[in-house]
Amino acid sequence: MFAHTLQLTVQCHRPGFGSAVNDALEASGLSSKRLQLEITETGAVEELAVAELDRLRATGIAIALDDFGTGYSSFESLKKLPLDILKIDRSFITELSEGDSAVVTSVVEVAKALGMQSLAEGVETADQLRLLLTAGCELVQGYYISRPMPATEVAEYLSATAQSSGGYFHSF
């Protein structure tokens with residue numbers, strides 16, 4: 001449920017964006033399996049962008065569709081884009097309550113049906129986390145998990161939450 005990856009938002013309409021991502025990975029030494037690229041549908045549905053995303057995904061990079069459910073979103077795009085993760089916009093999470101989780105539950109089910117994981121953005125309370133787990137959401141991010149921290153503290157945080165399984169435990 002809790003993965004530690006580097007998230008990067010890319011502009012898919014820019015020529016050579018795939019090469020720039022690969023160059024940055026090589027320069028940093030980061031494993032491609034630890035990188036998650038966040039895209040929006042705007043500019044990502046062009047055939048050249050889809051082909052480039054396919055190539056990046058083949059190297060182990062995860063592709064996430066950011067802010068799903070706000071603005072321009074179509075089921076055709078979900079089928080066309082090479083996606084691993086469907087990110088539920090935080091606006092749906094802040095409004096989440098007992099008996100009013102139909103939108104979140106629906107997005108989670110769409111993600112599962114298309115072979116993707118679902119990720120809720122902006123989780124800030126234990127109740128939100130509980131409702132998301134009940135809805136079947138697989139990944140979460142937000143202040144309830146961790147506040148932003150300086151890069152110098154990340155290694156200590158990961159060490160403190162590491163488990164022998166290779167995952168991480170966050171006490172709530």
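Counting restarts for each chain: residues are numbered from 1 in the order of the written sequence. Where local features are concerned, this predicted model is filtered to residues with pLDDT of at least 70; where side-chain atom pairs are given and counted, the filter is 80 or more; whole-chain, interface and lining totals use all residues. Think of the side-chain values as coming from all heavy atoms in the structure, minus any hydrogens and water.

Asks: Sorry if this is basic, but what is going on with the overall build of the chain here?
Replies: Tallying secondary structure elements over the chain gives 7 helices and 6 strands in all. Beginning at the N terminus, the succession of helices and strands in the chain can be written as β-α-β-α-β-α-β-α-α-β-α-β-α. Exposure categories follow from relative accessible area, calculated using a 1.4 Å probe and restricted to protein chains: below 20% of the type maximum is buried, above 50% is exposed, and the middle band is partly exposed. Residue burial in the chain is summarised as follows: out of 172 residues, 38% are buried. By sequence separation, contacts in the chain at least 24 residues apart represent 61% of the contacts at least 6 residues apart. Using a 1.4 Å probe, the Shrake-Rupley method yields the accessible areas, and only the shown protein chains count as cover for residues. On the chain, roughly 9,600 Å² of surface is accessible, and the fraction owed to carbon and sulfur atoms is 53%. The way it works is that DSSP assigns letters per residue, a run of H or I at least four long becomes a helix, a run of E at least two long becomes a strand, and they are numbered from the N terminus. For this analysis, residues touch if any pair of their heavy atoms sits within 4.5 Å.

Asks: How should the nonpolar core be read in this particular structure?
Replies: Soluble globular proteins: nonpolar side chains tend toward being buried together. Counting 36 residues, the largest nonpolar core has Ile61, Leu65, Leu83, Leu86, Val104 and Leu132 as the members making the most contacts within it. When contributions to this core are tallied by element, the ones reaching two or more residues are α1 (17–28), β2 (35–39), α2 (47–58), β3 (62–68), β4 (85–88), α5 (102–113) and α6 (126–135). As used here, the term nonpolar core means buried Ala, Val, Leu, Ile, Met, Phe, Trp, Tyr and Cys residues forming a set that is joined through side-chain atoms within 4.5 Å.

Asks: Sorry, what's going on with the pairing of strand β5 (residues 117–120) here?
Replies: Each regular strand shows side chains that alternate between the opposite faces of the sheet. A pair of strands is considered paired only if DSSP assigns at least 2 bridges between the two. Across 4 bridges, β4 lies against β5 in parallel orientation. From the neighbouring strand, Leu86 faces β5, where its bridge partner is Ser118. Two strands pair when backbone bridges link them, and β5 and strand β6 (residues 139–140) are joined in this way by 2 bridges, in the parallel orientation. What sits directly across from Ala120, in β6, is Val140. Throughout, right-handed denotes a crossover for which the path from the first strand over the helix to the second runs clockwise when the strands point away from the viewer. The β-α-β motif built from β5, the intervening α6 and the parallel element β6 has right-handed crossover chirality.

Asks: Please explain the pairing of β2 as it appears in this structure.
Replies: Counted residue by residue, β2 has 5 buried out of 5 residues, so it is predominantly covered. Because side chains alternate across β2, one face comprises the buried residues Leu35, Leu37 and Ile39, and the other comprises Gln36 and Glu38, equally buried. Here 4 bridges tie β2 to β3, and the two strands are oriented parallel to one another. Within β3, the position partnered with Ile39 by the bridge is Leu65.

Asks: Looking at this structure, how should I read α5?
Replies: At 3.6 residues per turn, the α-helix brings residues three or four places apart onto the same side. Given a helix with a known number of residues, its expected span is that number minus one, times 1.5 Å. Between the first and last C-alpha of α5 there are 16 Å, a value that for 12 residues agrees with the 16 Å anticipated at 1.5 Å per step. When we look at burial in α5, the residues that qualify are Val104, Val107, Val108 and Ala111. Axial view of α5: buried residues confined to an arc of 100°, hence all on one face. Those residues of α5 that are exposed and aimed more than 90 degrees away from the buried face are Ala102 and Ala113. Along its buried surface, α5 packs onto β3, β4, α4 (90–94), β5 and α6. Gly115 sits one or two residues past α5 and shows a positive phi near 75°. Note that the arc is defined by the directions from the helix axis to the C-beta atoms.

Asks: Any chance you could explain the side chain of Ser32 here in plain terms?
Replies: Turning to its location among the elements, Ser32 is positioned in the loop between α1 and β2. Distance and chemistry together define a polar contact, namely a pair of N or O atoms within 3.5 Å, with one atom able to donate a hydrogen and the other to accept it when in protein, and with adjacent residues in sequence counting only for side-chain atoms on both sides. Of note is the side chain of Ser32, whose polar atom sits 2.4 Å from the backbone oxygen of Thr59. Apart from residues no more than four positions distant in its own chain, Ser32 is found in contact with Leu25, Thr59, Gly60 and Ile61.

Asks: Please explain the pattern of salt bridges as it appears in this structure.
Replies: In the sections that follow, a salt bridge refers to a side-chain nitrogen of Lys or Arg positioned within 4 Å of a carboxyl oxygen of Asp or Glu. Taken as a whole, this structure holds 7 salt bridges when the rule is applied. One salt bridge connects Arg90 with Glu124, and the closest N-O pair in it is separated by 2.7 Å. Of this pair, Arg90 sits in helix α4 while Glu124 sits in the loop between β5 and α6, and the two are 34 residues apart along the sequence. When salt bridges that share partners are traced, they join Glu38, Asp66, Lys87 and Glu121 into one network.

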